[in-house]
Amino acid sequence: LLLLLLLGGAPQVLPVRLLSQVLFRVVTFGLNAFTLRYLSRELIGVVNVRLTLLYSTVVFLAREAFRRACLSGSAKRNWTKTINLLWLTVPLGVFWSLILGLVWLHLLEVPDPSVVPHYQAGVVAFGLSAIIELLGEPFWVLAQAHLFVRLKVIAESLSVVSKCILTVTLVILYPQWGLYIFSLAQLLYVSVLVMCYVIYFVMFLGSPEATKKSFPVSRVKALLPSFVEDETFVNWKEARLTWSFFKQSFLKQILTEGERYVMTFLNVLNFGDQGVYDIVNNLGSLVARFIFLPIEESFYVFFAKVLERGKTVKDQKQ
């Protein structure tokens, strides 16, 4: 499948992407279902509800609005300022990881160490994984803005499969490790994801293909934050749009993860019941996650490229 993605032509990009995402999500679901035979409900509840919520909240607060804002508009822009803006996600991620990590460690109920061992290590690992993933944000946005679809599919597929294989292996061989298993798997996932983008751009920039496509970035060094002489550090129009997206997407986060916030902060269910709820919830949302989510992500990029903000319908390119 990866070979087909690498060799496939542009007209088949969207169908291949959807097909590959569905296939890898099915494989992931199967591997996760297999591990349930070896794990306690309490451990599943802590990982899939408590720790995953920490990770998703940090990532959302640090990057969601930046992604939306920087994907909007034409690919022909001052990419130095856009990249500078995207690097702000890293210090934001560090800030939110520290704040929320302290909340998760000291203000929320701590699971019984005899049932769910190494909880503190799990909180640190999931917070750290969010920061590592944010290191690849400029690469991700640059790839999406220039429609490097195969790169995204391959990077996500490799990272997810690596995570699942490591999880299954450690669960079978060292089930007593508890949250160490999922902590290592999560760190491997984000590391593989970021490295795929970094390696690709290191090989791509300066190559004949990049020159042929008139790629706006010519050196890897240009992907690092830098000052533009006699100009502002970031594009303030994109910065204001980022703040606007943050206010809009905050409601989306509450609606998407609302039940996990309720279970985490109000203690309405014990960790075992949270694990059961998460399994049932995942089963019920198979169609939405396997089919509709990839379609939503693909067409957001499409409309962000085609439509221009601030123009009426009549003024848009037909």
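About the cut-offs
Residues numbered from 1 in each chain as written. Predicted model: local features only at pLDDT ≥ 70, side-chain atom pairs only at ≥ 80, totals over all residues. Heavy atoms only, no water. UniProt positions renumbered as here; feature names shortened; annotations may be inferred. Helix = DSSP H or I, 4+ residues; strand = E, 2+ residues; numbered from the N terminus. Core = buried A, V, L, I, M, F, W, Y, C linked by side-chain atoms within 4.5 Å. Buried < 20%, exposed > 50% of the residue type's maximum accessible area, 1.4 Å probe, protein only. Contact = heavy atoms within 4.5 Å. Phe/Tyr/Trp six-rings, centres within 6.5 Å; stacked < 30°, edge-to-face > 60°. Lys NZ or Arg CZ within 6 Å of the ring centre and 35° of its normal. Axes fitted to C-alpha atoms, helices over the stretch in contact; angles between N-to-C directions. Parallel < 35°, antiparallel > 145°, perpendicular 65-115°, else oblique. Left-handed = near helix turned anticlockwise from the far one by under 90°. Nonpolar A, V, L, I, M, F, W, Y, C, P; charged D, E, K, R; others polar. Salt bridge = Lys/Arg side-chain N within 4 Å of Asp/Glu carboxyl O.

The chain appears in an unreviewed UniProt entry as Protein RFT1 homolog from Spizella passerina. A UniProt comment under Sequence similarities (unreviewed entry) is attached to the chain, and it reads "Belongs to the RFT1 family." Per UniProt, the chain carries the Subcellular location (unreviewed entry) text "Endoplasmic reticulum membrane".

Even without being a glycine, His118 presents a positive backbone phi close to 65 degrees. In this model, Leu147 sits at a positive phi of 60 degrees, which is unusual for a non-glycine residue. Within the secondary structure, Leu147 sits in the loop between helix 7 (137–145) and helix 8 (149–173).

On to the nonpolar core, then. Counting 64 residues, the largest nonpolar core has Trp104, Leu179, Tyr197, Phe201, Phe215 and Leu223 as the members making the most contacts within it. Sorting the residues of this core by element identifies helix 3 (41–71), helix 4 (79–87), helix 5 (89–107), helix 6 (119–134), helix 7, helix 8, helix 9 (179–204) and helix 11 (236–266) as the ones contributing at least two each. With 16 residues, the single largest contributor to this core is helix 3. Ignoring anything within four residues of it in the chain, the contact list for Trp104 reads Arg50, Leu53, Leu54, Tyr119, Val123, Thr264 and Phe265.

A few words on the UniProt feature "transmembrane region" (unreviewed entry) in the chain. In this numbering, the UniProt entry assigns the feature "transmembrane region" (unreviewed entry) to residues 39–62, 83–107, 119–141, 153–174 and 180–205. Here residues 119–141 is 91% helix and 0% strand, with 33 Å between the C-alpha atoms at its ends.

To continue, consider the packing of aromatic side chains. Applying the stated rule across the entire model yields 18 aromatic pairs. When the ring of Trp104 is compared with that of Phe265, the centres are 5.7 Å apart and the planes differ by 90 degrees; the resulting orientation is edge-to-face. Within this pair, whereas Trp104 is found in helix 5, its partner Phe265 is found in helix 11, the two being separated by 161 residues in sequence. For Phe265, a relative accessible area of 41% corresponds to the partly exposed category. Seen in terms of ring centroids, Tyr261 and Phe265 are 6.4 Å apart; in terms of plane orientation they differ by 25 degrees. Their pairing is stacked. Here Tyr261 and its partner Phe265 are both found in helix 11, four residues apart, which amounts to about one turn of the helix. Linked through ring pairs, Phe139, Phe148, Tyr200, Phe201, Phe204 and Phe215 together constitute an aromatic cluster. When the ring centre of Trp140 is taken as reference, the NZ or CZ atom of Arg67 above it lies at 3.6 Å. Between Lys163 and the ring centre of Tyr189, over which it is positioned, the NZ or CZ distance is 5.3 Å.

Below, the discussion takes up the packing of helix 3 against helix 6. Axis separation between helix 3 and helix 6 bottoms out at 9 Å; the angle between their running directions is 30 degrees. Classed by the angle they form, the pair helix 3 and helix 6 counts as roughly parallel. Like other packed secondary-structure pairs, helix 3 and helix 6 cross with a definite hand, here right-handed. For the pair helix 3 and helix 6, contact is made by Val46, Val47, Arg50, Leu51, Thr52, Leu54, Tyr55, Val58, Val59, Ala62 and Arg63 and by Tyr119, Gly122, Val123, Phe126, Gly127, Ser129, Ala130, Glu133 and Leu134, respectively. Residues that form the contact of helix 3 with helix 6 fall into these classes: 13 nonpolar, four polar and three charged.

The next subject is the side chain of Thr82. Residue position: Thr82 is located in helix 4. Discounting residues that sit within four places of it in the chain, Thr82 has contacts with Cys70, Arg77 and Glu238.

Tallying each qualifying case throughout the model produces eight salt bridges. Across the salt bridge formed by Glu156 and Lys152, the nearest N and O atoms sit 2.7 Å from each other. Taken together, the positions of Glu156 and Lys152, both in helix 8 and four residues apart, correspond to about one turn of that helix. Taking relative accessible area as the criterion, Glu156 reaches 23% and is therefore assigned partly exposed. Between Asp278 and Arg260 there is a salt bridge whose closest N-O contact spans 2.5 Å. Linking Asp278 in helix 12 (residues 271–284) with Arg260 in helix 11, this pair joins segments that are 18 residues apart in sequence.

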